[in-house]
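# Notes for the structure review
Now for the letters of each chain:
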Amino acid sequence: MRRAPLAMPLPPKVFDRARIARHLARRRDPDDFVTRLALDDLATRLITVTRPFERALILAPDAAPLPVMGRSASGSFAFERAATVIASPGAPLVDPEALELPRREHDLIVSLFDLQVVNDVPGFLARIRAHLRPDGLFIAAAIGGDSLTELRQAFLAAEAEHSGGAFARVAPFIPLADAGGLLQRAGFALPVTDIETHTVRYADPLSLMRELKALGAQNPLFERPGRPVTRRLLLAAADRYALLAADPDGRVRATLQLIWISGWAPDASQQQPARRGSASVSLANVLGRRD
């Protein structure tokens, strides 16, 4: 008797996608500094690529401004647009968890801030790979693992002191060490990862919390603490934050990390790793070793 194939286990549901969409729909300032920082960095990265892209797509929350890229040595970058969280006229809604794009055979796909709120990251990357033509490029920006570490520590300390326990009120972000492996697992060639760390300063911790809410960046976790954030807890966390990250002028620091990952859809024209054992130079000779 032929056995039925085993069903693949579903990825754990860490992020509440519907809640994320509601938060972003209420954003007061869609042209936020974090997105603008990522878009400026993206433009710089693409200008260094000496090849034209005929069909390029950017995946980003609907409210994010569409970039206008400069010219590279061999062409310009003209992006289509697909909103990944909330829909609008002219920007078709796509779900990163399923990711069925309107067209395939793209030679460039850019994803801004999907990776840190997708439950099935390997599946998302594999679906991106399926929408690229051979030798197509994928670039993604994600919030890095040490972002908002001061806020996370402040809330953990405040809740441990006032509630007798600690709850996750700041979402986990992607560690840089995991990014390259995720690309390789999804079938990308020539993976590259790097990270940029920025320090952002605010008048006080409450100003940071208000900005996070204005950006739609509240807690996106599916399993959230049953206890709401009370005024007492908020003020206690603000006090803890000031102790952790206040400067002499009274302003407080917040850490922002942007992880950039890129990989290419495999193609025979790409540089291939050398076959094991094919080296023609002895390591002992290079190091000047003598027996």
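The structure under discussion appears in the preceding block.
Residues numbered from 1 in each chain as written. Predicted model: local features only at pLDDT ≥ 70, side-chain atom pairs only at ≥ 80, totals over all residues. Heavy atoms only, no water.

### Structural notes on the pattern of salt bridges
- For the structure on display, the rule yields nine salt bridges.
- Of the charged contacts in the structure, one is a salt bridge between R45 and D41, with a shortest N-O distance of 3.2 Å. Remark: D41 and R45 occur in helix α2 (residues 33-47); sequence separation between them is four residues, near one turn of the helix.
- Where R45 meets D194, a salt bridge forms, and the shortest distance between an N and an O atom there is 2.8 Å. On the criterion of sequence distance, the pair formed by R45 in helix α2 and D194 in strand β5 (residues 189-202) is long-range, its members being 149 residues apart.
- On the accessibility criterion, R45 (22% relative accessible area) is partly exposed. (Salt bridge = Lys/Arg side-chain N within 4 Å of Asp/Glu carboxyl O. Helix = DSSP H or I, 4+ residues; strand = E, 2+ residues; numbered from the N terminus. Buried < 20%, exposed > 50% of the residue type's maximum accessible area, 1.4 Å probe, protein only.)

### Describing unusual backbone geometry
- In this structure, F113 takes a positive phi of about 65° despite not being glycine.
- One can find F113 in the loop between β3 (106-112) and α3 (121-130).
- Using a relative accessible area of 12% as the deciding quantity, one classes F113 as buried.

### Topic: the packing of helix α6 (residues 205-214) against helix α7 (residues 231-245)
- Across the interface, α6 lies against α7 with an axial gap of 9 Å and an inter-helix angle of 115°. Contacts between α6 and α7 involve P205, L206, L208 and M209 on the former and, on the latter, L234, L235, A237, A238, Y241 and A242.
- Considering only residue class, the contact of α6 with α7 consists of 10 nonpolar, no polar and no charged. (Axes fitted to C-alpha atoms, helices over the stretch in contact; angles between N-to-C directions. Contact = heavy atoms within 4.5 Å. Nonpolar A, V, L, I, M, F, W, Y, C, P; charged D, E, K, R; others polar.)

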